Amino acid sequence: MGARKGIQYLQDLDNKPRELWLGGNKITRDISKHPQFRAVAKSIAHLYDMQNDSGLVEEMTYISPTSGERVGLSFLQPKTMEDLIKRRVMMKHWADYSGGMLGRTPDYLNSDLMAMASAWEFFNRKDQHFGDNLRKYYEYVRENDLCLTHTLIHPQANRAVGPSKQSDPFLAARVVEKNDQGIMIRGARMLATLPLADEILVFPSTVIRGTQDDMPYAFAFGIPCSTKGLKFICREPFAEESHFDHPLASRFDEQDAVVIFADVLVPWDRVFLLEDVEGANTLQEATSGIVFMTQQVIVKNIAKTEFVLGVTSLIADTIGITEFQHVQEKIAKIIIILESMKSFLRASEADAQMNQWGILTPDFKPLNVARNLYPRLFPQFRTIIQQLSASGMMALPSEEDMKNSEIRPSIDAYYQAKNTNSEERIRLFHLAWDIAGSSFGSRQELYERFFFGDPVRMAGALYNWYDKEPYKQRIREFLHQEEE
Ligand SMILES: Cc1cc2nc3c(=O)[nH]c(=O)nc-3n(C[C@H](O)[C@H](O)[C@H](O)COP(=O)(O)OP(=O)(O)OC[C@H]3O[C@@H](n4cnc5c(N)ncnc54)[C@H](O)[C@@H]3O)c2cc1C
């Protein structure tokens, strides 16, 4: 099929029944028409349409090595610097569409799957079929241009102990049975962003390490979100109707859901790793999956930071505060973060090397630092928007007020701005509120803090992974230098 069109994604979403729970209701079909899901479904469909846009097709797709059709560029297994840059350019187009507010654009997990498939032999550790399963799955996802979500974390019941030591051994999703057809999974995982994806990857955490006791919980597989027994319990939606009032929440509420496996059968050809704690602990690093996911995340962070820079700079112009030093200092901070993220990304490309599986892999050091920094920096953007906007974010007539001919003249008279009309000013501050104040904006902050893993344990992983020895040795030598 090759790079698919938005309409094909929407049709699949409507026709392949899944089990979404929202506000006490079970929703199975016509999800693209549901009031709480239709907006984000349309946004994902738009991403797919971008691939077929005549002006973008060259930058969004490449020729499949198997079918000869054009397929999404995030599936490209990079061999040259040009390939790496093509991947980055493609990802930036998708990230710019939502100002970085959509976390689960399909390139995020396509990148992980691409890297894992390049390292398919890694998966043959315990079973000679698993590597082939993964390679075929990657090709299936690429050729059908499927959208993936993933769930990596066990339920948050008692974090002092691992999944095998919880009071209920079936709290965290685990293998209950193996039979001729596949493995049966029972229990739960949290969290999966975008339960409107076609498929779900159920993989080990990128950060948390299991022990031998966790054997029944150590697996990796990918199945359709429509698989029997799979239930998604969605959080309260933040989707809003009016683009004028909620320019972001009205398009990009991608949803997050806890995933329940009520005796879900995973066919053998979809199993990639099983009862292999060491494999689960090393998978992401050994395959470079984490590197390619992080590359995508930093591209998204750049798009998001550029978006925030645009919003804050326009706020400053709009209400005439550009000359104040603290305003300049705050916007300069955003510029510093933006240029730092761009530098991390470019440095990772400049020092890219072939990995052991034969794909050109960005240097993980700058990417790893960038992914540790951003969760600490993004919350400052919301603070800066609040500090610059002040009560401007509360002076927000709604779309309905704007349509009302009786009050509209007053709005036009009293919501003036330094350099624009009342309507433009109000639109801008609604956008500011959607980032810095609304439920949608609060979720963005929580997302950036945690979606890639607990920042405390990510920092611990960086500490343990980073080679500090050369620097320690330099100090040892320094301490024993003769005084000159
Ligand atoms: C909006 C959003 C979207 C997400 N989307 C996805 C998704 O699509 N797929 C997915 O797999 N995951 C997703 N996640 C989950 C994400 O992976 C986790 O939030 C992250 O790994 C942290 O785990 P946790 O939320 O269970 O927090 P916990 O691990 O429960 O941590 C809670 C607190 O306890 C502390 N803590 C717990 N254990 C330890 C420890 N051993 N050492 C030190 N401190 C500890 C943490 O530092 C933190 O302060 C998402 C999260 C959010 C918020």
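Now for a look at the structure at hand.

Parameters at a glance
Residues numbered from 1 in each chain as written. Predicted model: local features only at pLDDT ≥ 70, side-chain atom pairs only at ≥ 80, totals over all residues. Heavy atoms only, no water. Buried < 20%, exposed > 50% of the residue type's maximum accessible area, 1.4 Å probe, protein only. Helix = DSSP H or I, 4+ residues; strand = E, 2+ residues; numbered from the N terminus. Pairing = 2+ DSSP bridges. Core = buried A, V, L, I, M, F, W, Y, C linked by side-chain atoms within 4.5 Å. Domains from an automatic or database assignment. Contact = heavy atoms within 4.5 Å. Near = heavy atom within 4 Å. Polar contact = N/O pair within 3.5 Å; in protein donor to acceptor, adjacent residues only side chain to side chain. Areas by Shrake-Rupley, 256 points an atom, 1.4 Å probe, with all protein chains shown as cover. Nonpolar A, V, L, I, M, F, W, Y, C, P; charged D, E, K, R; others polar.

Another point: the pairing of strand S10 (residues 230–234). On a regular strand, each side chain points to the face opposite its neighbour's, so the side chains alternate between the two faces of the sheet. Burial along S10 is one-sided: Leu230, Phe232 and Cys234 are buried, and none of Lys231 and Ile233, which face the opposite way, are. Where strand S1 (residues 20–22) meets S10, two bridges bridge the pair, whose relative direction is parallel. Following the sheet pairing, leucine 20 is matched in S10 by phenylalanine 232. Relative to strand S11 (residues 256–267), S10 is paired through five bridges, and the arrangement is antiparallel. Paired with leucine 230 across the bridge in S11 is phenylalanine 261.

Let us look at the nonpolar core. Within soluble globular proteins, side chains that are nonpolar tend to cluster in buried spots. By size, the foremost hydrophobic cluster in this structure holds 132 residues, and its most contacted members are Tyr9, Ile185, Leu196, Ile200, Phe221, Phe261 and Met341. When residues of this core are assigned to their parent elements, the largest contribution, 13 residues, is made by helix H8 (residues 289–318). If you count residues domain by domain, this core takes at least three from each of domain 1 (6–284) and domain 2 (288–474). Once you skip the residues sitting within four places of it in the chain, isoleucine 185 turns out to touch Ala173, Arg174, Val175, Val176, Phe219, Phe221, Phe261, Ala262, Asp263, Val264 and Val266.

In the vicinity of the ligand there are 20 residues, among which Arg104, Arg159, Leu191, Thr193 and Arg457 approach most closely. Within the backbone of leucine 191, an N or O atom sits 2.7 Å from a nitrogen atom of the ligand. Relative to its unbound accessible area of 960 Å², the ligand is 75% covered by the protein chains. Those elements that place two or more of their residues in the shell around the ligand are strand S5 (148–151), strand S7 (182–193), helix H14 (439–450) and helix H15 (455–465). Counting residues per element, the shell around the ligand draws most heavily on H14, which supplies four residues. Among the residues making up the shell around the ligand, the classes are represented as nine nonpolar, five polar and six charged.

No statement about biological role is implied by the geometric values presented.
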